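Understanding the architecture of this molecule
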Amino acid sequence: MPNPGPDPTRVRFEPFFVHVGGFVAVIVYFVVLGLASDPEAGVYRALPIALLVISGYMLVAHRVGLIKYFDIGLWSMFAVGTVTVLGGSAFARALFANYSVAILFCTLGLVALVPLLLGIEPFTVFFARRGTPAWQQKTRDFAIINRIISLWFAVLFGAAAILAAWAPHDLWFAFVYPNLLVFVAGLPSQLWLPPLYLRLFGPHPPETIEAAILGMPLIFDADAAGGAEATIQFRARGEGGGDFWVRVAGGECESAEGVVASPDLTIDTPSAVWLRVVRGELDGAQALLDGQYSVEGNGTLLLRFGEWFPGRS
């Protein structure tokens with residue numbers, strides 16, 4: 001049967017489910033609560049309405065396969081709040097009336113922290129999968145970096161909750177400062193934290209030939225390459241093999257699957273052999289002399305690998 005391709009409805013509305021989702025219920029909750037003349041009376045109406053909104057959203061999100069941890073956490077918050085407040089708990093009523101923002105950030109902090117404590121996939125993976133090549137998602141560094149970012153968000157959400165609880169009726173503490181933490185220190189962390197981690201600790205040895213070749217730009221030394229230009233074609237045979245290419249030009253490096261025309265160097269190798277070379281378990285020059293892999297074209301480029309790609313020689 002022909003592949004029907006992705007659901008066009010899902011593709012069209014995926015940004016909404018990914019970036020907004022259950023937070024619509026949060027907005028509804030605070031709008032309804034804000035319209036009430038008495039906050040304690042307002043939570044009676046705001047909580048069940050928000051629960052109804054997020055429950056409807058969850059049904060739709062489940063149908064398209066786009067439920068995320070945040071949605072589950074927010075649903076739990078509104079469900080617990082609705083049950084306790086409507087159940088007659090004066091403490092819960094006063095808590096939501098005065099500390100709703102702090103409760104919200106506590107919930108988000110638990111969403112970030114609990115998966116780490118349970119040893120399951122952190123909440124950030126849902127988002128990272130949508131901007132990361134498939135081969136990177138199979139690496140140890142992908143898992144580690146996501147756990148670090150998730151822990152960073154847990155700290156930020158916790159700090160935001162403390163600020164909101166410190167002065168719950170002060171706009172600066174209940175809204176401005178907490179959101180500055182999240183949007184200024186949190187969201188950009190996906191841009192600076194991964195390269196910082198790789199610079200401090202370096203990438204783990206690749207476990208697949210795909211990661212070994214396509215990951216070469218991650219350890220590329222632009223200063224060592226200078227103005228060099230070269231295109232290297234890899235023909236990897238065996239488990240996980242395929243055609244890959246790496247291009248160095250203008251102090252930058254890129255890689256991709258496929259075949260390029262007229263490469264400067266072609267490396268034909270069993271996947272297991274090149275993976276051992278990359279991991280430092282096999283001397284690349286000796287393996288070439290022993291005929292364990294072969295090259296065509298400008299073989300002197302192999303001598304530059306150790307400079308351009310530290311650890312890839």
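Bear in mind the structure is a predicted one, so any value in this text is a computation, not a measurement.

We now examine the sheet that holds strand β4 (residues 265-270). The sheet built from five strands is open, its strands ordered β3-β2-β1-β4-β5 with mixed pairing. The sheet terminates laterally at β3 (252-257) and β5 (294-297), the two strands that pair on one side only. The sheet shows a mean angle of 15° between the axes of neighbouring strands, taken without regard to direction. Of the pairings in the sheet, the one linking strand β2 (residues 242-249) to β3 comprises six bridges and is antiparallel in character. Note on β3: the bridge partner recorded for Phe-244 is Glu-257. Sitting on the sheet, helix α12 (residues 271-278) is in contact with β1 (230-237) and β4, with an inclination near 105° to β4.

This part takes up the packing of aromatic side chains. In the structure shown here, the tally under the stated rule is 24 aromatic pairs. Considering the side-chain rings of Phe-153 and Phe-157, the 5.7 Å spacing of their centres and the 40° angle between planes classify their relative orientation as tilted. Here Phe-153 pairs with Phe-157, and both are found in helix α7 (residues 140-166), just four residues apart, close to one helical turn. Take Phe-153 and Phe-157: they sit in the same class, and that class is buried. Ring centres of Trp-274 and Phe-305 lie 6.4 Å apart, and the angle between their planes is 85°; on these two criteria the pair is classed as edge-to-face. Of the two residues, Trp-274 is situated in helix α12 and Phe-305 in helix α14 (residues 301-308); the sequence distance between them amounts to 31 residues.

A water-sized probe rolled over the atoms picks out the places where empty space is left. Scanning all chains against the criterion turns up one cavity of 30 Å³ or more. The calculated volume of the largest cavity comes to roughly 40 Å³. Of all elements in the fold, only α2 (23-35), α4 (69-86) and α5 (90-118) reach the threshold of two or more residues within the lining of the largest cavity. Element by element, the count of residues in the lining of the largest cavity is highest for α5, at four residues. Considered class by class, the residues forming the lining of the largest cavity number eight nonpolar, one polar and no charged.

Below, the discussion takes up the pattern of salt bridges. Considering all chains together, one arrives at nine salt bridges under this definition. As a salt-bridge pair, Glu-14 and Arg-130 come within 3.0 Å of each other at their nearest N and O atoms. Of the two residues, Glu-14 is situated in helix α1 (residues 8-19) and Arg-130 in the loop between α6 (124-128) and α7; the sequence distance between them amounts to 116 residues. The partner of Lys-138 in a salt bridge is Glu-210, and the shortest N-O contact between them spans 3.3 Å. Note that Lys-138 is positioned in the loop between α6 and α7 and Glu-210 in helix α10 (residues 209-214), a separation of 72 residues in sequence. Lys-138 gets classed as exposed once you look at its relative accessible area, which sits at 56%. For Glu-210, a relative accessible area of 16% puts it in the buried group.

Conventions we followed
Residues numbered from 1 in each chain as written. Predicted model: local features only at pLDDT ≥ 70, side-chain atom pairs only at ≥ 80, totals over all residues. Heavy atoms only, no water. Pairing = 2+ DSSP bridges. Helix = DSSP H or I, 4+ residues; strand = E, 2+ residues; numbered from the N terminus. Axes fitted to C-alpha atoms, helices over the stretch in contact; angles between N-to-C directions. Contact = heavy atoms within 4.5 Å. Phe/Tyr/Trp six-rings, centres within 6.5 Å; stacked < 30°, edge-to-face > 60°. Buried < 20%, exposed > 50% of the residue type's maximum accessible area, 1.4 Å probe, protein only. 1 Å grid on protein atoms, 1.4 Å probe; cavity = no way out; pocket = protein on both sides within 12 Å on 5 of 7 lines; lining within 4 Å. Points joined across faces, edges and corners; volume = space filled by probe spheres on them. Nonpolar A, V, L, I, M, F, W, Y, C, P; charged D, E, K, R; others polar. Salt bridge = Lys/Arg side-chain N within 4 Å of Asp/Glu carboxyl O.

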